[in-house]
Amino acid sequence: MTASRRPTELLAPAGSLDMMRTAFAYGADAVYAGQPRYSLRVRNNSFDKLDALAAGIDEAHAAGKGFYLVANIYPHNAKVRTFERDIAPVIDMKPDALIMADPGLMMMVRERWPDMAIHLSVQANTTNYASVRFWQSMGVKRIILSRELSLDEVAEIRDACPDMELEVFVHGALCIAYSGRCLLSGYFNHRDPNQGSCTNSCRWDYKVHAGTETASGDIQTCNNAPALGNPRDFGTVGTALGGGPRHAEANRTWLLEEGSRPGELMPIEEDEHGTYIMNSRDLRAIEHVQRLVDIGVDSLKIEGRTKSPYYVARTSQGYRRAIDDAIAGRPFDLKLLGELEGLANRGYTDGFYQRHHTPEHQNYLRGHSESGRSLLVGEVVGFDSARGLAEVEVKNRFGVGDTLEFVQPDGNFTATCTHMEDAVGGALDMVPGSGRRIRLALPAGANPAQPCFVARFV
């Protein structure tokens, strides 16, 4: 990393003001959020009102943080006609950059607001240094590189384009398509992912049925053929459908059944590259932060605008520590793997960053991921200073005798739960689940004035 380059930025998602505040409290340098009409997150997005966006941008700037506005759809004509009208008041709020993908919308911004910084969205699938140079010539300030790149390819782009800001994803969901170009949601529900209304169809529960082609060319199930189960859970067919080596199974016809549509069987076809209607693992590349910092990547990005405040707290805290350790020359803290493992996930992968892991490396990471796992059980929502007890909104089951972790911006604290009580002071041995509020003591060192999530070690 050159001396003139600024320290690596940690960029976190913000689907709401609460998420934004949590991200900043737990170490993020900037957040990204979007207007639902022009970004790829329509659902679970509370920035649908201009006053919410204005409050977020003002609050971020007052804290010395960045706020990037996402406008990365590929619009049809109707949205092009309204874009300038709708984006004008947002640009007046002075976000630090617009994250965009469509060349036409970018041209409109460049012509009317030439000083507005533009970051090229991952939707544009930038995979090489020639494309980076092209977009730089178009006035783009930062490129969010495609998820399909290896660490060595990222380093090559950095060497070839030393004066362009680069951003990469390090954590969150991966698409079963080429970086966001998925068509499944539109096919199943007529909700277009590239218009912001993705239903995450790749993550649904599917069963596979053996099929046969009739003389008329129609596909139907084989007589008395049972469902083969979830494609992730069987071996021979799963290998064929998942893009593994070709063999006899790949030449057969298969029908896909989605869990909420029993009896509706959809034919799927496979070519020599495999099929891709399967569930991806989630990206977790925290073990590569040191290399990305050394390469000189300007921003490390966490995916997840539809996730919870706890998700953004845990990920921001973990990647903040990893970045700070990398900059200071400290070794990677293996405990971070286990802390992230406790988040809801579909199994982790480091994506394309490192193409060929050795079994020893995989076992090494897995062993540390499985240790130190914790499950969110509550959030501190108040503090009774007279009694010295925190009021906790319960999220999951826990009880006396459990080892709890209290997750705060300045550090985490571990303590055994020895006593908790209900709202009127009655002792409790256990709370069965969410929807309740209880009181318990914070461990020594915890700060009652700071945000605090409570997790149970599992």
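One structure accompanies this document, and this report is about it. All values derive from a computational prediction rather than experimental measurement. (Residues numbered from 1 in each chain as written. Predicted model: local features only at pLDDT ≥ 70, side-chain atom pairs only at ≥ 80, totals over all residues. Heavy atoms only, no water.)

So, the packing of helix H3 (residues 77-92) against helix H4 (residues 103-112)
Using the following cut-off: The angle between two axes is taken between their N-to-C directions and runs from 0 to 180 degrees, where each axis is a line fitted to C-alpha atoms and a helix contributes only its stretch in contact. Helix and strand labels come from DSSP, where a helix needs a run of H or I of at least four residues and a strand needs a run of E of at least two; each type is numbered from the N terminus. An angle below 35 degrees is read as roughly parallel, one above 145 as roughly antiparallel, one from 65 to 115 as roughly perpendicular, and any other as oblique. Note on convention: near helix rotated counterclockwise from far helix by under a right angle means a left-handed crossing. Clockwise means right-handed. Working rule for contacts: check all heavy atoms of both residues, and any pair within 4.5 Å makes them a contact.
In the contact formed by H3 and H4, the axes pass within 11 Å of each other and the chain directions differ by 45°. As judged from the angle between their axes, H3 and H4 are oblique. In this structure, the crossing between H3 and H4 has a hand that is right-handed. Every residue of H4 that contacts H3 at Val-80, Phe-83, Glu-84 and Ala-88 is listed here: Leu-105, Met-108, Val-109 and Arg-112.

Topic: the side chain of Glu-303
Stated formally: The rule is simple: take the accessible area with a 1.4 Å probe, protein chains only, and divide by the maximum for that residue type; under 20% is buried, over 50% is exposed, in between is partly exposed. Polar contacts, as counted here, are pairs of nitrogen or oxygen atoms within 3.5 Å of one another; within protein the pair requires one atom able to donate a hydrogen and one able to accept it, and residues that are adjacent in sequence qualify only if both atoms are side-chain atoms.
Tracing the backbone through its elements, the reader meets Glu-303 in the loop between strand S13 (299-302) and helix H10 (309-328). Since its relative accessible area comes to 9%, Glu-303 is described here as buried. From its side chain, Glu-303 meets the backbone nitrogen of Ala-173 in a polar contact 2.9 Å long.

Some points on the pairing of strand S15 (residues 374-384)
Filter applied, for reference: Strand pairing requires that DSSP identify at least two bridges connecting the strands.
Note: S15 against strand S24 (residues 453-457), 5 bridges, orientation antiparallel. If you follow Leu-376 over to S24, its bridge partner there is Ala-455. Counted along the chain from S15 to the antiparallel partner strand S16 (residues 389-394), the turn is 4 residues long, and its residue Gly-388 has a positive phi close to 70°.

Quick notes on the pattern of salt bridges
Heads up, the condition is: What counts as a salt bridge is simple: a side-chain nitrogen of Lys or Arg found within 4 Å of a carboxyl oxygen of Asp or Glu.
For the coordinates displayed, the defined rule picks out 23 salt bridges. Taking the shortest distance from any N to any O, the salt bridge between Arg-142 and Glu-165 comes out at 2.9 Å. Of this pair, Arg-142 sits in strand S6 (residues 142-144) while Glu-165 sits in strand S7 (residues 165-172), and the two are 23 residues apart along the sequence. By relative accessible area, Arg-142 is classed as buried at 0%. The residue Arg-330 makes a salt bridge to Asp-325 at a minimum N-O spacing of 2.7 Å. The network of salt bridges with common partners includes Glu-9, Lys-141, Arg-142, Glu-165, Glu-167 and Lys-301.

Structural notes on the packing of aromatic side chains
Keep this limit in mind: Side-chain rings of Phe, Tyr and Trp, where Trp is taken by its six-membered ring, are said to pair if the distance between their centres is within 6.5 Å; with planes under 30 degrees apart they count as stacked, over 60 as edge-to-face, and otherwise as tilted. Here, a charge over a ring means that NZ of Lys or CZ of Arg falls within 6 Å of the ring centre while also lying within 35 degrees of the ring normal.
Going through the model one piece at a time under the given rule, you end up with 5 aromatic pairs. Taken together, Tyr-26, Tyr-310 and Phe-453 form an aromatic cluster joined through their ring pairs. Just above the ring of Phe-169 sits the side chain of Arg-147; from NZ or CZ to the centre is 3.9 Å.

Considerations on the packing of helix H1 (residues 17-25) against helix H2 (residues 50-62)
The N-to-C vectors of H1 and H2 enclose an angle of 10°; their axes lie 10 Å apart at closest approach. Judged by the inter-axis angle, H1 sits roughly parallel to H2. As for the relative orientation of H1 and H2, their crossing is right-handed in sense. In contact with Leu-17, Met-20, Arg-21 and Phe-24 of H1, H2 contributes Ala-52, Ala-55, Gly-56, Glu-59 and Ala-60.

Topic: helix H5 (residues 129-137)
Here H5 starts with a cap whose side-chain oxygen sits 3.0 Å from the backbone nitrogen of Ala-130, and that cap is Asn-128. Within two residues after H5, Gly-139 carries a phi angle of roughly 90°, on the positive side.

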